Structures are given as C-alpha cells and as structure tokens.
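Residue-level structural notes
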Amino acid sequence: MQRFQELLSTFHTLCLGAIVLGVLIFAAGLIPNYAYYFVLQSTFVFLIIALGLSIYFNKSKLFVLLLFPLFFNLALAFPSTLFTKLSAPAFWYITPLALSLGYLFIYALQERGLFSSFGLLRSGIGLAILTSSFLLLKNFSPQMQKALESDLLHVSLKALFKAPDFVVIISLITLIFIFFVSLLFEVNTQKAPFWMLCAQLIPTLWIQDKNSFILFSLIASLIAIAALIHDAYRMAYIDTLIGVPGRRALEESFLRLGSRYSIAMVDIDHFKKFNDRFGHDVGDEVLKLVATILATVKNRGKVYRYGGEEFTILFHSTKQEECVLALEEIREKIFARGFAIRDKSRPEKAPKKGEKQTSIKKERLSVSIGFAISRKNKTPHEIVKLADEALYKAKESGRNCLISH
C-alpha cells in the first residue's frame with residue numbers, strides 16, 4: 001500500500017494525471033465555449049507566475065520554454081493585431097514544429113542559470129526560434145503548406161495524426177529525446193519540460209482546436225509552477241547529501257503534531273573513525289547508507305537528519321512496544337549490514353573467472369538509539385531532549401543499543 005502511495009505521488013504520475021484529466025475535460029465538453037475566455041486569462045496569469053518563479057529561482061531552461069506557450073497564446077488572443085490574417089493551417093503546422101525544435105535545442109543545453117553565458121545563449125536561441133515562427137505565421141503560403149504536407153509516414157500511421165508527417169516526426173523525436181535525458185535528473189524542473197511539451201503537442205498533433213490549446217497551455221504552466229515549487233521545497237527542507245528531510249522539516253513537523261507521538265534520536269557509533277581513517281567521502285557514504293536503512297523503519301516512523309551523524313525518527317504514536325520493536329529491527333539491520341570499504345587498488349571492472357579477486361574490507365557499523373514518548377505539558381523540543389539524554393545513556397552502556405527514557 002505504501003509503495004502504491006509513493007507511486008501515485010511521483011511527479012511523473014501527477015503530470016500524467018493532469019494531462020489525462022485535461023483530455024477528459026475537453027472531450028466531455030465540461031467547459032462551455034464562453035468560459036474559455038476566462039481560461040485564456042488564467043493561462044496568461046499562470047504563465048506570468050511561472051516565468052516570474054523561473055527568474056527568481058534562476059532556471060533559464062524553464063524560463064525560455066515558457067515563452068513558447070506565452071507567444072502562441074498571444075497569437076490566438078490577438079490574431080489581427082500580430083498578423084494580417086492568421087490562417088488555421090499556419091497555426092497548426094508551425095506551432096508544433098516551433099515547439100518541438102525549440103524544446104529540442106533549448107533542453108539540450110546544460111542548466112547554468114538565467115544570467116550566465118549558457119542562459120543568454122539559451123535565451124537567444126529561444127528568441128530566434130520565436131522570431132522565425134512569427135515570420136512563418138505571418139507569411140505562410142500555399143507553397144509552404146504543400147511542402148509540409150509531403151507524405152513521409154505509412155498510410156496507417158497518418159490516420160493517427162492531424163498534423164503533417166514532417167511535423168509529427170520532429171515532435172516524436174523531440175519527445176523521445178527529452179524523456180530519456182530527463183531520466184538522468186532527480187530535480188523536477190528537469191522532468192517538467194517533457195510533460196509541458198506533451199501537454200502542448202496533444203492539441204496541435206491530434207485535436208487542433210483553439211480552446212484545447214488554451215486549456216493545455218494552462219496545464220503546461222501549472223506543471224512548470226509545480227516543478228519549481230517542489231524543487232524549492234526540496235532545497236529548503238531535504239538534505240541534499242542523503243535525501244531525507246532535514247532539521248527545518250522536523251521543526252515544521254513539530255507544529256503539526258498532536259498530543260500523542262514518540263521521538264527517537266539515533267547516532268552512528270564511532271562515526272569519526274570513518275572520516276579520520278577513510279576520508280570524508282567514505283563518511284558521506286556511511287551517512288547515505290544509514291539514512292537509507294532508517295527510512296525503512298516500520299510503524300509509520302519518519303526519518304529526519306538532526307545534524308552531523310545524528311538522526312531523528314518521529315512516530316505519530318505512543319505505543320511504546322510497537323515503536324521499540326520497529327527501532328530494534330532497524331538497529332539490528334544496520335549492524336548486520338556493516339559497511340564495505342572499497343579497496344583503492346580494486347579494478348573498475350570485475351575480474352574474469354580464474355583471476356585473483358581483491359579482498360573486500362567490511363567495517364563494523366552500528367547505531368545507538370534514545371527513545372522518549374510525549375508527555376503532558378512538554379513540548380516536542382523537550383521530548384527531543386529526553387530522547388537525547390536516553391541516547392547519551394545508550395552510548396555510555398556500550399553503544400549499539402536502545403534505551404528508553
């Protein structure tokens with residue numbers, strides 16, 4: 001059940017859900033035609049918000065990519081102001097082509113901030129593509145339309161799309177490229193462009209309806225905003241080294257606590273030894289390993305990095321037996337796991353059969369735990385202090401043990 005909840009909460013799943021919801025809303029006609037005027041205004045508002053956030057968080061990639069839906073929605077909103085006459089084929093042929101090429105070139109450049117040389121280069125490429133799009137929309141001709149409508153796909157595939165074959169091929173290549181590159185990143189601002197492009201290509205490749213483009217542009221802007229906010233939260237509350245919430249997130253959790261909870265303080269035994277003997281890189285790996293194992297604690301415990309090699313586990317329960325059993329299980333798991341030290345002379349590739357293998361040195365790894373249950377008229381910080389006192393006693397008792405206050 002917990003695995004299913006984690007799957008539902010992933011950024012990819014939420015973006016897919018938003019796009020599917022948009023398809024269902026449009027297909028079912030849940031938004032009347034007159035209401036799309038307000039949807040368009042909302043789209044502009046959220047695009048401006050997303051652009052502002054991308055500037056604030058110095059994300060040049062998202063900033064430039066958001067200029068594309070902004071430009072094409074302006075083209076739909078003011079066709080007679082920007083163009084002498086904006087023909088339907090011109091919009092539905094040029095828009096997906098410009099979006100795909102823009103996303104392809106802009107996403108391929110590394111993120112180096114909006115005001116860096118990379119950011120300026122990315123902005124220049126984006127503006128060049130948008131300028132070319134404007135000129136193509138303004139000077140779209142029957143000859144250009146005929147050239148784009150050249151047959152390239154098999155007849156069975158042509159029935160799937162309303163856009164020309166060339167546009168479809170470029171769009172699919174861009175989507176595949178961005179999807180696989182996005183898998184290399186953990187931050188959502190690097191995953192968002194794939195879903196933003198998906199949202200904008202659905203109305204241009206399949207539906208080709210003005211209102212659908214406005215609706216899916218709104219979804220694209222919301223995806224960008226969600227990615228920016230989530231990454232900002234992650235920077236503020238998640239420990240970037242080991243991937244668990246930090247001290248600030250723990251303080252926020254204290255504000256939402258009820259009257260019944262338990263707190264455990266966990267400290268890695270002899271952690272200084274790993275740093276002194278093997279270096280800080282090995283010490284960091286030890287922290288990551290312990291954090292990973294602690295995160296599997298049962299009884300709905302949540303792990304936070306308190307500071308240094310010390311962790312806090314917060315249980316929304318005061319059932320001492322269940323919490324202690326969960327903590328003892330995790331303590332024994334860490335002790336049984338140990339930590340393997342990679343030999344500096346160990347080859348990068350595994351030795352072939354018959355060749356001498358290098359020995360793997362395994363260091364003892366254990367944790368000491370102090371545990372305390374919430375008490376009447378005591379704040380969470382005071383319970384942390386009680387758990388810390390119990391942790392100190394656990395270390396005095398020989399380490400690798402749990403003591404309750």
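Look a little higher up for the structure.
These remarks concern the structure in this document. (Residues numbered from 1 in each chain as written. Predicted model: local features only at pLDDT ≥ 70, side-chain atom pairs only at ≥ 80, totals over all residues. Heavy atoms only, no water.)

Glancing now at the pairing of strand β6 (residues 367-373). Counting buried residues in β6 gives 7 out of 7 residues, a clear majority hidden from the surface. Relative to β6, strand β1 (residues 262-268) is paired through 7 bridges, and the arrangement is antiparallel. What sits directly across from Asp267, in β6, is Ser368. Note that the unit made of β6, helix α17 (residues 380-396) and strand β7 (residues 402-404) has a crossover that is left-handed. (Buried < 20%, exposed > 50% of the residue type's maximum accessible area, 1.4 Å probe, protein only. Helix = DSSP H or I, 4+ residues; strand = E, 2+ residues; numbered from the N terminus. Pairing = 2+ DSSP bridges. Right-handed = clockwise from strand over helix to strand, strands pointing away.)

Overall, the coordinates contain 17 aromatic pairs when judged by the stated rule. Each ring, one from Phe83 and one from Phe134, has its centre 5.3 Å from the other, and the planes form 35°; the classification is tilted. Taken together, the residues span a long stretch of sequence, with Phe83 in the loop between α5 (79-82) and α6 (88-108) and Phe134 in helix α7 (residues 117-138) at a distance of 51 residues. On the basis of relative accessibility, which here comes to 2%, the residue Phe83 falls in the buried class. Overall, the relative accessible area of 24% leaves Phe134 in the partly exposed class. (Phe/Tyr/Trp six-rings, centres within 6.5 Å; stacked < 30°, edge-to-face > 60°.)

All right, on to the nonpolar core then. If you look at the biggest cluster of nonpolar residues, it comprises 70 residues, and the most contacted ones within it are Ile19, Phe68, Phe72, Leu137, Met196 and Ile223. Contributions of two or more residues to this core are made by α2 (11-28), α3 (36-56), α4 (60-77), α6, α7, α10 (165-182), α11 (188-207) and α12 (210-237). Once you skip the residues sitting within four places of it in the chain, Ile19 turns out to touch Trp195, Cys198, Ala199, Ile202, Phe216 and Ile219. Judged by nonpolar contacts, the second largest core, of 34 residues, contains Ile268, Val303, Phe315 and Ile373. (Core = buried A, V, L, I, M, F, W, Y, C linked by side-chain atoms within 4.5 Å. Contact = heavy atoms within 4.5 Å.)

Taking strand neighbours across the sheet as the criterion, the 5 strands line up as β2-β3-β1-β6-β7 in an open arrangement whose pairing is mixed. Each of the sheet's edge strands pairs with one partner strand only, and the pair in question is β2 (302-307) and β7. With direction set aside, neighbouring strand axes in the sheet form an average angle of 20°. Where β1 lies against strand β3 (residues 310-315), 6 bridges are found, and the strand directions are antiparallel. Residue pairing in the sheet places Ala264 in a bridge with Ile313 of β3. Sheet strands in contact with helix α13 (residues 247-255) are β1, β2 and β3, and its direction is about 125° off that of β2. This element, helix α16 (residues 320-337), spans β1, β3, β6 and β7 of the sheet and lies at about 170° to β6. (Axes fitted to C-alpha atoms, helices over the stretch in contact; angles between N-to-C directions.)

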